[in-house]
Amino acid sequence: MKSIQQILVFYASSKGKNTIEKCLQRTHYLEIKGIENKLDRFESQALKERPDILIFEDQNNESSVMSALERLAQEGMVCMLMSESNDSEHILEAFRKGAREYLVIDDNLDQSFQNALIRLTEKRNDKDQLKKAHRIAIIGAKGGVGVSHLSVNLAWTISNKLHQKTLLVDLDASGAKDAFMLDLIPERTFLEFASGDPQKHSSLAHQVLTHITPNFALLPLPENPADIENITSEHVQKALDNLESRHDIILLDLSHHLNELSLFGMDCAQTLILVIEPTVISLKAGLQKIQLMEKMGYDRTQIHIVINRYNRKQALGPQQVSNSLDLPVFGWLPCDEKHVTQAENSGKPVCFSYPGCKYAKKIFQVADMLLTGSEED
Ligand SMILES: Nc1ncnc2c1ncn2[C@@H]1O[C@H](COP(=O)(O)OP(=O)(O)O)[C@@H](O)[C@H]1O
Ligand SMILES: [Mg+2]
């Protein structure tokens, strides 16, 4: 049986108060600690009593409400924001500030409220057996084979088309940063884990993410190369420990160089994607990586070969690739300079800007097969 959840509510309008009260009436296992209209009183009661869930109503995108939410989220409190606004910027801001749930006050509120409570309650009840995300590491046979493009587009597709909470972790310090590819300048990065106080890591973890959409977050590398040098596998481990239970899928974008971070990334993943181009050089490099993966204890069934730029002129065929590597080809992506370059220039994933193009369709196929565990015929 679910334990009783204590709830404290801040409302901004009498309409909001009525709506929230109606939702609460239909919910069992709740103890309402207070319904407050004064933000300072709400905040001090929250800090004193530390209820399980805080509900905020935000009427006119009030900065004072967001600031209170941010402060309380930093204290490790579970915050839910309700608003009539369905503006994506507002929703993202709430997630950046630390909201765990954002509910739009509309005709479906009652159902979405119940669902949100179930999600929050499950997370709390499962504290002892935290959910483990499926970790997928993506590495190139050699540099420049399209790992970062695949990572960003897979993350986009898995989060926004297949509705899984997805975290993209950029561990490739040598290549194009995922943040650049998404036209972002992250405010916070892995560095927080290098300097942060371990006690704070749990609340920090959520703040450190750059939210791209409600289901898609990025854990970016710092911009400065000297700062990147300070990131160790221990920081990555801390970040993953704190973020794991909040995501369904974690994608690790690795450097093709075998350094501390890429070895750690490979080591901690359940599924490996090895990206190769259909050329002899790429195959030779791919073979070396497969041998290393086997030495690290991976079963060959965990290694998924994805060919990028499959239809390039003079390219080797999939049968030749499969025979040389002694592994089946899991998926392939076409060479599509037009859409890939346009997406790079606009800072948006190909799968967002050109969902109908062949590259996007093939990414969808790979994403779907990864989630369902099936393979292409
Ligand atoms: N399928 C593709 N078709 C055309 N160009 C591609 C494709 N995939 C990647 N590229 C190009 O290859 C280059 C390297 O891609 P990137 O994803 O940064 O590789 P990596 O992360 O493996 O170093 C980029 O300039 C990108 O535009
Ligand atoms: Mg890269």
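Quick note: structure is the one above.
Residues numbered from 1 in each chain as written. Chains lettered and ligands numbered in written order. Predicted model: local features only at pLDDT ≥ 70, side-chain atom pairs only at ≥ 80, totals over all residues. Heavy atoms only, no water.

Asker: Sorry if this is basic, but what is going on with the environment of Gln320 here?
Answerer: Along the chain, Gln320 falls in helix α14 (residues 318-325). Classification of Gln320 as partly exposed rests on a relative accessible area of 45%. C-alpha of Gln320 to C-alpha of Leu283: the two residues are 37 residues apart in sequence and 9.8 Å apart in space. Within polar-contact distance, the side chain of Gln320 engages the backbone nitrogen of Gly317 at 2.9 Å. (Helix = DSSP H or I, 4+ residues; strand = E, 2+ residues; numbered from the N terminus. Buried < 20%, exposed > 50% of the residue type's maximum accessible area, 1.4 Å probe, protein only. Polar contact = N/O pair within 3.5 Å; in protein donor to acceptor, adjacent residues only side chain to side chain.)

Asker: Could you clarify how one ought to interpret the coordination of the magnesium ion (ligand 2) in this entry?
Answerer: Around a metal, the perfect tetrahedron of four donors has angles of 109.5 degrees, and the perfect octahedron of six donors has angles of 90 or 180 degrees. Distances from the magnesium ion (ligand 2) to its protein donors, Ser148 (OG) and Asp172 (OD), fall within 2.1 to 2.5 Å. Here the residue Ser148 occupies a position in helix α6 (residues 147-160), and Asp172 occupies one in the loop between β7 (166-171) and α7 (178-181), the gap between them amounting to 24 residues. With respect to class, Ser148 is no different from Asp172; both count as buried. (Donors = N, O, S within 2.8 Å, 3.2 Å for Na, K, Ca; no water.)

Asker: In this structure, what is going on with the sheet that holds strand β11 (residues 271-276)? I would like to understand it.
Answerer: A sheet is described by the order of its strands in space; here eight strands give the open sequence β8-β9-β7-β10-β6-β11-β12-β13, paired in mixed fashion. Every interior strand has two partners, whereas the edge strands, β8 (210-213) and β13 (329-332), have only one. The average angle at which neighbouring strand axes cross in this sheet is 25°, direction not considered. Where β7 lies against strand β10 (residues 249-254), six bridges are found, and the strand directions are parallel. In the strand pairing of β10, Leu171 is matched with Leu254. Set on the sheet, helix α11 (residues 233-243) makes contact with β6 (134-140), β7, β9 (216-219) and β10; between it and β7 the angle comes to about 175°. (Pairing = 2+ DSSP bridges. Axes fitted to C-alpha atoms, helices over the stretch in contact; angles between N-to-C directions. Contact = heavy atoms within 4.5 Å.)

Asker: Just checking my understanding: could you explain the layout of surface pockets for this structure?
Answerer: Unfilled space is identified by rolling a water-sized probe across the atoms. Its boundaries defined by the atoms lining it, the second largest pocket holds a volume of some 620 Å³. Lining the second largest pocket we find 27 residues, and of these Leu92, Arg96, Leu184, Thr210 and His211 sit closest to its centre. Breaking the lining of the second largest pocket down by element, the ones donating at least two residues are α4 (88-97), α9 (201-208) and β8. Class assignment for the residues of the lining of the second largest pocket results in twelve nonpolar, six polar and nine charged. (1 Å grid on protein atoms, 1.4 Å probe; cavity = no way out; pocket = protein on both sides within 12 Å on 5 of 7 lines; lining within 4 Å. Points joined across faces, edges and corners; volume = space filled by probe spheres on them. Nonpolar A, V, L, I, M, F, W, Y, C, P; charged D, E, K, R; others polar.)

Asker: Would you explain the packing of helix α13 (residues 280-295) against α14 in this entry?
Answerer: Two quantities define a packed helix pair, namely the angle between the axes and the distance from one axis to the other. Where α13 contacts α14, the two axes come as close as 10 Å, and the packing angle between them is 40°. For the element pair α13 / α14, the angle class is oblique. Crossing hand, α13 versus α14: right-handed. Counting all contacts with α13, which are made through Leu283, Gly286, Leu287 and Ile290, the residues of α14 involved are Val321, Ser324 and Leu325. Grouping the constituent residues of the contact of α13 with α14 by class yields five nonpolar, two polar and no charged. (Parallel < 35°, antiparallel > 145°, perpendicular 65-115°, else oblique. Left-handed = near helix turned anticlockwise from the far one by under 90°.)

Asker: Would you explain the packing of aromatic side chains in this entry?
Answerer: Here a ring pair, both rings aromatic, is described through the centre-centre distance and the interplanar angle of the planes. Counted by the stated rule, this structure contains five aromatic pairs. Ring geometry for Trp156 against Phe352: centres 5.1 Å apart, planes inclined by 75°, an arrangement best described as edge-to-face. On the criterion of sequence distance, the pair formed by Trp156 in helix α6 and Phe352 in helix α16 (residues 350-353) is long-range, its members being 196 residues apart. Owing to a relative accessible area of 12%, Trp156 belongs among the buried residues under this scheme. Members of the aromatic cluster, connected to one another through ring pairs, are Phe10, Phe42 and Phe56. (Phe/Tyr/Trp six-rings, centres within 6.5 Å; stacked < 30°, edge-to-face > 60°.)

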